[in-house]
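So the chains spell out like this:
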Amino acid sequence: MKQQIISLRAKRSPGTGMVEFAMGATIFLMLMFTIIEMAMVVYSYNTISHAARECVRYAIVHSPTGPNPATTAQIKGIAVGYADLPAPNQLVPSDVTVTWPADPNLPSSDDAQCTIALNYSLRIPFLPSKTLPLTATARMLVSQ
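## Describing the overall build of the chain
Okay, step 1: Helix and strand counts for the chain come out as 3 helices and 3 strands.
Okay, step 2: Reading the secondary structure of the chain in the N-to-C direction produces α-α-α-β-β-β.
Okay, step 3: Here the C-alpha radius of gyration of the chain, 26 Å, is well above what a compact globule of 144 residues would show, namely 15 Å.
Okay, step 4: With the C-alpha coordinates of the chain rotated into their principal frame, the extents come out at 95 × 30 × 20 Å.
Okay, step 5: Classification of the 144 residues of the chain by burial places 28% in the buried group.
Okay, step 6: Considering only contacts in the chain between residues 6 or more positions apart, those separated by 24 or more positions represent 60%.
Okay, step 7: Here the chain has roughly 9,500 Å² of accessible surface; of this, 64% comes from carbon and sulfur atoms.

## Thoughts on the environment of T65
Okay, step 1: Note on placement: T65 falls in the loop between α2 (16-61) and α3 (72-82).
Okay, step 2: Given a relative accessible area of 66%, T65 falls into the exposed group.
Okay, step 3: Along the primary structure T65 and R139 are separated by 74 residues, whereas in three dimensions their C-alpha atoms are 17 Å apart.

## Quick notes on the side chain of E54
Okay, step 1: Counting through the fold element by element, E54 comes out in helix α2.
Okay, step 2: E54 has contacts with I78 and Y82, leaving out every residue within four places of it along the chain.

## Observations regarding the confidence of the model for the chain
Okay, step 1: Predicted confidence across the chain gives a mean pLDDT of 87, with 91% of residues reaching 70 or more.
Okay, step 2: Looking across the chain, the model is least confident in helix α1 (residues 2-11), with a mean pLDDT of 59, and most confident in strand β1 (residues 96-99), with 94.

## Looking at the packing of α2 against α3
Okay, step 1: Here α2 crosses α3 at 150 degrees, and the two axes come no closer than 8 Å. By the angle between their directions, the pair α2 and α3 is classed as roughly antiparallel. Pair α2 / α3 crosses with right-handed handedness. Of α3, the residues touching α2 (which contributes T47, H50, A51, E54, C55, Y58 and A59) are I75, I78, A79 and Y82.

## Here's the deal with the pairing of β1
Okay, step 1: The side-chain alternation of β1 yields one buried face, formed by V96 and V98, and one unburied face, formed by T97 and T99.
Okay, step 2: Inspection of the sheet shows β1 paired to strand β2 (residues 111-122) by 4 bridges, in the antiparallel sense. Each bridged residue has a counterpart across the sheet, and for T99 the counterpart in β2 is Q113.

## Here's the deal with the side chain of S44
Okay, step 1: Locating S44 in the fold gives a position in helix α2.
Okay, step 2: Setting aside anything within four residues of it in sequence, one finds S44 in contact with L85, Y120 and L134.

## Side note on the sheet that holds strand β3 (residues 130-141)
Okay, step 1: If you trace the 3 strands from one edge of the open sheet to the other, you get β1-β2-β3, paired in antiparallel fashion. Unpaired on one side and paired on the other, β1 and β3 mark the two borders of the sheet. Between one strand axis and the next, the sheet turns through 15 degrees on average, direction left out of account.
Okay, step 2: Relative to β2, α2 is tilted by about 160 degrees, and along the sheet it contacts β1, β2 and β3.

## A look at the nonpolar core
Okay, step 1: With 26 residues, the main nonpolar core has I48, C55, V96 and I116 as its most contacted residues.
Okay, step 2: Top contributing element to this core by residue count: α2, with 8 residues.
Okay, step 3: Beyond its immediate sequence surroundings of up to four residues, C55 is in contact with I75, I78, A79, V96, V98 and C114.

Here is what the cut-offs are and how they apply
- Residues numbered from 1 in each chain as written.
- Predicted model: local features only at pLDDT ≥ 70, side-chain atom pairs only at ≥ 80, totals over all residues.
- Heavy atoms only, no water.
- Helix = DSSP H or I, 4+ residues; strand = E, 2+ residues; numbered from the N terminus.
- Rg over C-alpha atoms; globule rule 2.2 N^0.38 Å.
- Buried < 20%, exposed > 50% of the residue type's maximum accessible area, 1.4 Å probe, protein only.
- Contact = heavy atoms within 4.5 Å.
- Areas by Shrake-Rupley, 256 points an atom, 1.4 Å probe, with all protein chains shown as cover.
- pLDDT = per-residue confidence, 0-100.
- Axes fitted to C-alpha atoms, helices over the stretch in contact; angles between N-to-C directions.
- Parallel < 35°, antiparallel > 145°, perpendicular 65-115°, else oblique.
- Left-handed = near helix turned anticlockwise from the far one by under 90°.
- Pairing = 2+ DSSP bridges.
- Core = buried A, V, L, I, M, F, W, Y, C linked by side-chain atoms within 4.5 Å.

As structure tokens, this is what we get:
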């Protein structure tokens, strides 16, 4: 039995451990980078959702019919300011849409609606790049 174990070890060529490690490490690192990137996708979605809520809160207070109206560019700037995302997936004002739809429950009032549509670029090593569309919408009744 002992001689059989020794003969199996003798047949093993040098460097196989290094090859096995390289294959295992590649799979492990790719899995880790994928998990990190998916966490960044969830973070980005959470960030644009928060930015849409803050954008619509600002819009309901500074509506065009209120005493202190804000321009659409100023309202979009609030959303961009709240969405502080890393460089390749930064939010720009063209990703933000501000509208004033009629409220279905109160026909005499308007709502403020902010929609953010961000194309998130996935960056996972050894895989082709993909773009995920992330969309967040917030809507509230205009207070003034």
